[in-house]
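For reference, the chains in residue letters:
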Amino acid sequence: MKVSKKILFFMLFIYSIFFKSALAGLDKFSYLDKVNIWIIERKIDSKTNRIYCRASIPKKGTWFSSRIRLDKKGDLVEPFQLKDKSYRSNKAILEVKDALNSCRNSGLIYLP
């Protein structure tokens, strides 16, 4: 049975979509969840099988220079001062910390 070029191309296209999504978060941070204006990202280290999770408020610029984020201890890090301090709400930060704990304890399957 001869496979047409269109069918072969379609199969390769579908495979590449699923393969990329299967590798999401492998050895690089990728989007996992959103809590209010905070973004939760996760990375799985393929060498150690450890899961790393982080939370930040996306802004233009690099991770360290312009993102408001929580550090490893869960403390708020503000690389610059903003006029809008709505992200400082204790309730919002507690929700983000809960999402980070869920991410860190979820294994491969994350359920928000």
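Residues numbered from 1 in each chain as written. Predicted model: local features only at pLDDT ≥ 70, side-chain atom pairs only at ≥ 80, totals over all residues. Heavy atoms only, no water.

1. Some words on the pattern of salt bridges
Inspection of every chain in the model, using the stated rule, returns two salt bridges. Between Glu41 and Arg54 there is a salt bridge, with the nearest N and O atoms lying 2.8 Å from each other. With Glu41 in strand S2 (residues 38-44) and Arg54 in strand S3 (residues 51-57), this pair connects stretches of sequence that are 13 residues apart. Overall, the relative accessible area of 11% leaves Glu41 in the buried class. Exposure remark for Arg54: the relative accessible area of 21% places this residue in the partly exposed category. (Salt bridge = Lys/Arg side-chain N within 4 Å of Asp/Glu carboxyl O. Helix = DSSP H or I, 4+ residues; strand = E, 2+ residues; numbered from the N terminus. Buried < 20%, exposed > 50% of the residue type's maximum accessible area, 1.4 Å probe, protein only.)

2. Some words on the nonpolar core
Within the largest apolar cluster, 14 residues are counted, with the highest numbers of intra-cluster contacts made by Trp38, Ile40, Ala55, Leu70, Val96 and Leu100. Listing elements by their share of this core, those giving two or more residues are S2, S3, strand S4 (68-70) and helix H3 (90-105). With five residues, the top contributor of residues to this core is H3. (Core = buried A, V, L, I, M, F, W, Y, C linked by side-chain atoms within 4.5 Å.)

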